Amino acid sequence: RACFRRHLSGSSRGTQGSMSAWVIDEYGTNAVLRYAEDVPAPAVSSPTDVLVQVCATSLNPLDLSMRGGYGVRRDPLSLLGGSSEFPLVLGRDVSGVVVDCGVEVTHFGPGDEVWAAVPPWKQGSLAEFVSLSEYEVSHKPQSLSHIEAASIPYVANTALSALVNAGGLSLCFCVCSRVLITGASGGVGTFSIQVSLLKAWGAHVTVTCSHNAEGLVRGLGADEVVDYTAGDAEQRLETMDRFDVILDNVGGETEQWALTLLKSWSGSKYVTLVTPLLSSTDHMGMLSGGIQAGCSLNNKALGVFYRWGFYAPDGPALDDIRTLVDSGKILPVVEAHFPFSQVPQAFLKLEQGHARGKTVVRVT
Ligand code: NDP
């Protein structure tokens, strides 16, 4: 609880103090990131709110996209209000300490160490404080530092939503399943290898990544590793037994050849995280963009299911992950961490690509 140093100065339930945060006032490049000490701090405004002092956060490709204006219509309710979202605080992950709770919050109290993934339609965690609903929050694994814990929630909620909700995997439907994960060396990939591999789930996991990530992904338990930079990745994958589930973290041309790697007419599923939905609705509006994106779901391949995977806020899912983390079955993969004063440098690191796990920011 080292970072539980102070409460919001002068704040009380339902009133606003100020806090330090990195904000953007317009969409753009790294130049739009601004450090400010007078950002309105969130407060408990509903009976189920949990106010968290942020100790660490991590960056995701979504932060780069949101900085550039992607997903302006990510919150359908904002269409009704039409108000500006600026100053916008980015950052989706949080590991921190509860400082205040709404009257109906039953599972958390001030001083509890928690972790969570902040939904994209809420103000983010590159700030001293963030407000979440009780359902989005989970007690942090005791075995992890805040820096380690901050590397997991967003990719965990995404991977579980994609593999379980869209991919149909579970304790009952994973035994002996053959799973292919593309882009396995990044944030979602390094988490997905571990969750798909859990002995309780019993999956056999093949991954694609570049040659210099092979040690990392094998260390996390990948059974077969295919170097996509070697030039013969498609041919190598075609010689293997067909897959039950493919989790595509890469998108683009990958799905043109990877769809054929699934078992036909046996309920196999292709789940891609790289969907056209938000970019289509950004460019074409909610209705036309939704229809245009939805049409792209059709006619992908005969005999297999093609699905979009999405991040979904889910505190109870993080409770399950905590148990696995504390028993050593899931490891955090922190590639780099930066102090709060160096958030622009952290964004530059993310922008360079070639992630090997997560980039974390220490906040307090
Ligand atoms: P990262 O940037 O952390 O990881 C991407 C990884 O893919 C890197 O390790 C990169 O390393 C590797 N890679 C790049 N090109 C290829 C390729 N052709 N074949 C195999 N590996 C490749 O991203 P995340 O893991 O956080 O996210 C993955 C994707 O999922 C992103 O596009 C992200 O926007 C999306 N996403 C979507 C969500 C949703 O709700 N729909 C939620 C979360 C993520 P290298 O270049 O060195 O090979």
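J.: Before we go on, may I ask you to explain the sheet that holds strand β11 (residues 224-227) in this structure?
T.: The pairing of strands in a sheet happens through backbone hydrogen bonds and is either parallel or antiparallel. The parallel open sheet is built from six strands, whose spatial order is β11-β10-β9-β12-β13-β14. A single partner strand is all that each edge strand has here, and the edge strands are β11 and β14 (305-308). Put simply, the sheet's adjacent strands are angled 15 degrees from each other on average, direction ignored. For strand β9 (residues 178-182) and strand β12 (residues 245-248), the ladder comprises four bridges, and the chain directions are parallel. Note that in β12 the partner of V179 across the bridge is V245. Packed on one face of the sheet, helix α5 (residues 187-197) meets β9, β10 (204-209) and β12 and runs near 170 degrees to β9.

J.: I tried to follow the nonpolar core on my own but got confused; where do I start?
T.: Nonpolar side chains in soluble globular proteins tend to be buried together. In this structure, V50, L90, V94, F108, L126, L132 and F347 are the most contacted members of the largest nonpolar core, which totals 49 residues. Core analysis: the second largest hydrophobic core is formed by 41 residues, V155, A156, L198 and V205 among them.

J.: I would appreciate a short explanation of the pairing of strand β1 (residues 18-24) in the present structure.
T.: Where burial is concerned, most of β1 is hidden: six out of the seven residues are buried. Where β1 meets strand β2 (residues 33-40), six bridges bridge the pair, whose relative direction is antiparallel. Bridge pairing links W22 to Y35 in β2. Note that β1 and strand β4 (residues 88-89) share two bridges and pair antiparallel. Across the sheet, residue I24 finds its bridge partner in β4, namely L88.

J.: I keep staring at the pattern of salt bridges and nothing clicks. Help me out?
T.: A side chain of one charge can pair with a side chain of the opposite charge if their charged atoms are brought near each other. Overall, the coordinates contain nine salt bridges when judged by the stated rule. Note that K358 is salt-bridged to D93, the shortest N-O span being 3.4 Å. Of this pair, K358 sits in strand β16 (residues 358-362) while D93 sits in strand β5 (residues 93-101), placing them 265 residues apart in sequence. Judged by relative accessible area, which is 4%, K358 ranks as buried. Here K349 and E335 are joined by a salt bridge, their closest N and O atoms 2.9 Å apart. Placement of the pair is K349 in helix α12 (residues 343-351) and E335 in strand β15 (residues 334-339), with a sequence separation of 14 residues. Residue E335 is classed as partly exposed on the basis of its relative accessible area of 33%.

J.: Please explain the site of the ligand as it appears in this structure.
T.: In the neighbourhood of the ligand, 21 residues make up the surrounding shell, with S185, Y228, Y311, H354 and A355 lying closest. One of the backbone nitrogen or oxygen atoms of V188 is found 2.9 Å away from an oxygen atom of the ligand. Expressed as a share of its isolated accessible area of 920 Å², the protein-covered part of the ligand is 79%. Elements represented by at least two residues in the shell around the ligand include exactly α4 (153-166) and α5. Its residues assigned to classes, the shell around the ligand shows ten nonpolar, ten polar and one charged.

J.: What exactly am I supposed to notice about the confidence of the model for the chain here?
T.: Caution is warranted with low-pLDDT regions, since their predicted coordinates should not be read in detail. In this model, the chain carries an average pLDDT of 89, and 84% of its residues clear a pLDDT of 70 or more. Counting contacts from residues 1-14, a segment whose pLDDT is below 50, to residues more than four positions away or on other chains yields 35 contacts. For this predicted complex, the interface confidence score (ipTM) comes to 0.99, while the overall pTM stands at 0.94.

J.: Explanation requested: the sheet that holds β1 in the structure shown.
T.: Taken together, the three strands give an open sheet; going across it, the order is β2-β1-β4, and neighbouring strands pair in antiparallel fashion. Pairing within the sheet leaves two strands with one partner each, and these edge strands are β2 and β4.

J.: Looking at this structure, I do not really get α4. What am I missing?
T.: It helps to recall that an α-helix has 3.6 residues per turn; residues three or four apart then point in one direction. An ideal rise of 1.5 Å per residue puts 20 Å on 14 residues; α4 measures up with 18 Å between its terminal C-alpha atoms. Among the residues of α4, P153, Y154, V155, A156, N157, T158, A159, L160, S161, A162, L163 and A166 are the ones counted as buried.

J.: Whenever I open this one, the state of the cysteines confuses me. Can you help?
T.: Disulfide: a covalent bond connecting the sulfur atoms of a pair of cysteines. In total, this model carries zero disulfides according to the counting rule given. With no disulfide partner, C101 has as its closest neighbouring cysteine sulfur the one in C55, 15 Å distant.

J.: Is there a simple way to think about the pairing of strand β6 (residues 113-117) in this case?
T.: On a regular strand, one side chain projects to one face of the sheet and the next to the other, so that they alternate. Most of β6 is tucked away, with four of its five residues classed as buried. As defined by bridge partners, β6 adjoins strand β8 (residues 137-139) across three bridges and the pair is classed as antiparallel. Within the sheet, the bridge partner assigned to W115 lies in β8 and is S138.

Criteria and cut-off values
- Each chain carries its own residue numbering, running from 1 in the written order of its sequence.
- pLDDT decides what is reported in this predicted model: residues at 70 or higher carry local features, side-chain atom pairs at 80 or more are listed and counted, and totals for whole chains, interfaces and linings draw on all residues regardless.
- Hydrogens and water are ignored here; the side-chain numbers use all heavy atoms of the structure.
- The pairing criterion is simple: DSSP has to find at least two bridges between the two strands.
- By the criteria applied, helices consist of DSSP H or I runs no shorter than four residues and strands consist of E runs no shorter than two, each listed in order from the N terminus.
- Axes here mean lines fitted to C-alpha atoms, for a helix over just the part in contact, with angles spanning 0 to 180 degrees between N-to-C directions.
- It only takes one pair of heavy atoms within 4.5 Å for two residues to be counted as in contact.
- Only buried residues count toward a nonpolar core, which is a set of Ala, Val, Leu, Ile, Met, Phe, Trp, Tyr and Cys residues joined through side-chain atoms within 4.5 Å.
- Residue burial is assigned from relative accessible area. The probe radius is 1.4 Å, only protein chains are included, and a residue is buried under 20% of its type maximum, exposed over 50%, and partly exposed in between.
- Any Lys or Arg side-chain nitrogen located within 4 Å of an Asp or Glu carboxyl oxygen qualifies as a salt bridge.
- Any residue with a non-hydrogen atom lying within 4 Å of a molecule or strand is treated as near it.
- Under the rule applied, a polar contact is a pair of N or O atoms within 3.5 Å (in protein, one hydrogen donor and one hydrogen acceptor; residues adjacent in sequence only if both atoms are side-chain atoms).
- Methods summary: accessible areas were calculated by the Shrake-Rupley approach with a probe of 1.4 Å, and residue burial reflects only the protein chains presented.
- Polar here means any residue other than Ala, Val, Leu, Ile, Met, Phe, Trp, Tyr, Cys and Pro, which are nonpolar, and Asp, Glu, Lys and Arg, which are charged; Gly is therefore polar.
- Values of pLDDT, which run from 0 to 100, indicate the predictor's confidence residue by residue.
- One less than the residue count of a helix, multiplied by 1.5 Å, gives the span that helix is expected to have.
- Count a disulfide wherever a pair of cysteine sulfur atoms falls within 2.5 Å.

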